[in-house]
Amino acid sequence: MCQPLSTAGAPAVRGSFTSLQRWADSRTARRDWRMQVGSVRARVRTEAGVDVSGSWAGGASNWSWVLGDQALGWGQGLTVPRSDPFGLAFFLGSSELRLPNRPLPLYHSEFAGGLRGAALEHAGMRWSAGVGAGRGHVAGMVRRKWSHHEGGWSCFYSEGRTRWGVDWTGRRGSWDGQAAFARSEGNTALRLSCRVARSSFFALQAGGDLEVNGGTWTGEVRGYATWEDPDEEGNVQLRVRGRSEDGGDVRLQGRIRKGHALKWSFLGTRDERILGLHWSGHGVRATLWTGRSPTGSWSMVRHVEAQWSLPGGGSWGMFGLDGQADWTGTYVALPALDVRQWSHAPRAGSQLGVWWRSELNWLPFDRVQLRSSWQASWAPSQQESFRCAWRVRWEA
């Protein structure tokens, strides 16, 4: 087994190389090199051209700073743009609104909420403040802490538009809540959230958003509940959501007991009724969705995945999906090289794939951990009918 470098004071070195080949109407290729040495991150990506990105981060005492590509966790997302991960925070067991975070260094900023420039933050016992500026934007933040509360002010300027707002977070016992208000020319936004965990087996949460833009308003309210059996540790989770645009939806999911191979889920909207059965065990995953599609017909979507171990470490597997319905709630976590990513089940047609992962222990570098992964997928009904990807990761 390769051992990581243990020399005292030496910066950690991590890196990866990803090669992605796609075949559709024409053949395209993308290469992605990433390297992290200590607090320096760099990425070189080639496709139509060459793109170089990255960041350098550091800090001392209560100061922290980032140069380059970054994300700013200020203003609860109503002033400074933020990117939220896929899924419901409720189902992850945390409060719905993300709490303030220090500037986060990134390999690139090519996503909603990604920024490029310089950011500096000072976090004190009571007062905190931060500033950021870069490619077409300026941001600022001031925050004050009390015993059970925290309040802040933030602003963001981009593309000739200034947005400012205030936010509050409070925690006391089993309760926590958040509120945020933002204002810009012709636009007002409000966000509220409250969560209570009455015990380790029962929690309730509610949230809402309201936005008025040029006299037109849009809104959303959400309610969540989680219950867990104290003996069998089975659980049921409920989300009820109402939206001014489409009327909202109801989502349920649960399992009989902890470690049970079978889970179930239900999603109901004005146009859809979807029942899902999810089975996992002994290296095999399978999901079956059935229900009413927006066209009024009853349809079915299927997913199956199998995995086998390789001699000497590593694994390989295959997956397949098939769907005939234009549903909105059929998501599945699929292998994506050496990680898993959420993907929407095919709305029509099939998708097949095979993957392989291994540790390259035969290399002569005794201080380097090297992992390789390869994946190929085929989806004749999709825009990219065939793609093949290969990634190598190393750490020293």
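These figures come from a predicted structure and were not determined experimentally.

1. As for the packing of aromatic side chains
Now for step 1: Applying the stated criterion across every chain yields a total of five aromatic pairs.
Now for step 2: Between F17 and W390, the aromatic rings sit 5.7 Å apart at their centres with planes inclined by 70°, giving edge-to-face as the arrangement. In this pair, F17 sits in strand β1 (residues 13-23) while W390 sits in strand β27 (residues 386-395), placing the two residues 373 residues apart along the sequence.
Now for step 3: When its relative accessible area of 36% is taken as the criterion, W390 is described as partly exposed.
Now for step 4: Aromatic pair W56 and W65: ring centres 5.0 Å apart, planes at 90°, arrangement edge-to-face.
Now for step 5: We classify W56 as partly exposed; its relative accessible area is 45%.
Now for step 6: The exposure class of W65 is partly exposed, given its relative accessible area of 26%.
Now for step 7: Connected via pairs of aromatic rings, a cluster forms that spans F17, W33 and W390.
Now for step 8: Directly above the aromatic system of W355 lies the positively charged group of R357, at a separation of 4.3 Å from the ring centroid.

2. Considerations on the nonpolar core
Now for step 1: Within the largest apolar cluster, twelve residues are counted, these being L267, I274, W289, V301, F319, L321, A325, W327, V332, L334, A345 and W355.
Now for step 2: Of all the secondary structure elements, the ones that give two or more residues to this core are β22 (315-323) and β23 (331-336).
Now for step 3: Contacts of W355, omitting those with residues within four sequence positions, involve Q307, S315, W316, G317, M318, F319, P335, W374 and Q375.
Now for step 4: By size, the runner-up hydrophobic cluster in this structure holds eight residues, among which are V80, L115, M141 and F156.

3. Focus: the environment of R391
Now for step 1: Mapped onto the secondary structure, R391 falls in strand β27.
Now for step 2: Residue R391 is classed as buried on the basis of its relative accessible area, which comes to 16%.
Now for step 3: Expressed as a C-alpha distance, the spacing of R391 and D338, which sit 53 residues apart in the sequence, is 8.0 Å.
Now for step 4: Ignoring anything within four residues of it in the chain, the contact list for R391 reads F17, T18, A336, L337, D338, R371, S372 and S373.
Now for step 5: Looking at R391, its side chain comes within polar contact range of the side chain of T18, at 2.8 Å.

4. As for a nonpolar patch on the surface
Now for step 1: Among the surface-exposed residues, F202, L204, W227, V236, L262, W264, L277, W279, V284, L288, M300 and V304 lie close enough to one another that they form a single nonpolar patch of about 930 Å² accessible area.
Now for step 2: Looking at the nonpolar patch, the elements that each hand over two or more residues are β14 (202-213), β18 (262-269), β19 (273-281), β20 (284-292) and β21 (298-309).
Now for step 3: Within the element layout of this structure, W264 appears in strand β18.
Now for step 4: Note on W264: relative accessible area 30%, which makes it partly exposed.

5. Focus: unusual backbone geometry
Now for step 1: Its identity is not glycine, yet Q76 carries a phi of approximately 55°, on the positive side.
Now for step 2: Checked against the element boundaries, Q76 lands in the loop between β5 (63-73) and β6 (101-105).
Now for step 3: Among the residues examined, Q76 registers a relative accessible area of 4% and is labelled buried.
Now for step 4: In this model, L337 sits at a positive phi of 60°, which is unusual for a non-glycine residue.
Now for step 5: Among the structural elements, L337 can be located in the loop between β23 and β24 (339-344).
Now for step 6: Under the relative-accessibility criterion, L337 is labelled buried at 7%.

Rules of the game
Residues numbered from 1 in each chain as written. Predicted model: local features only at pLDDT ≥ 70, side-chain atom pairs only at ≥ 80, totals over all residues. Heavy atoms only, no water. Phe/Tyr/Trp six-rings, centres within 6.5 Å; stacked < 30°, edge-to-face > 60°. Helix = DSSP H or I, 4+ residues; strand = E, 2+ residues; numbered from the N terminus. Buried < 20%, exposed > 50% of the residue type's maximum accessible area, 1.4 Å probe, protein only. Lys NZ or Arg CZ within 6 Å of the ring centre and 35° of its normal. Core = buried A, V, L, I, M, F, W, Y, C linked by side-chain atoms within 4.5 Å. Contact = heavy atoms within 4.5 Å. Polar contact = N/O pair within 3.5 Å; in protein donor to acceptor, adjacent residues only side chain to side chain. Patch = residues over 30% accessible without salt bridge, like charges linked within 9 Å, V, L, I, M, F, W, Y side chains within 5 Å. Areas by Shrake-Rupley, 256 points an atom, 1.4 Å probe, with all protein chains shown as cover. Salt bridge = Lys/Arg side-chain N within 4 Å of Asp/Glu carboxyl O.

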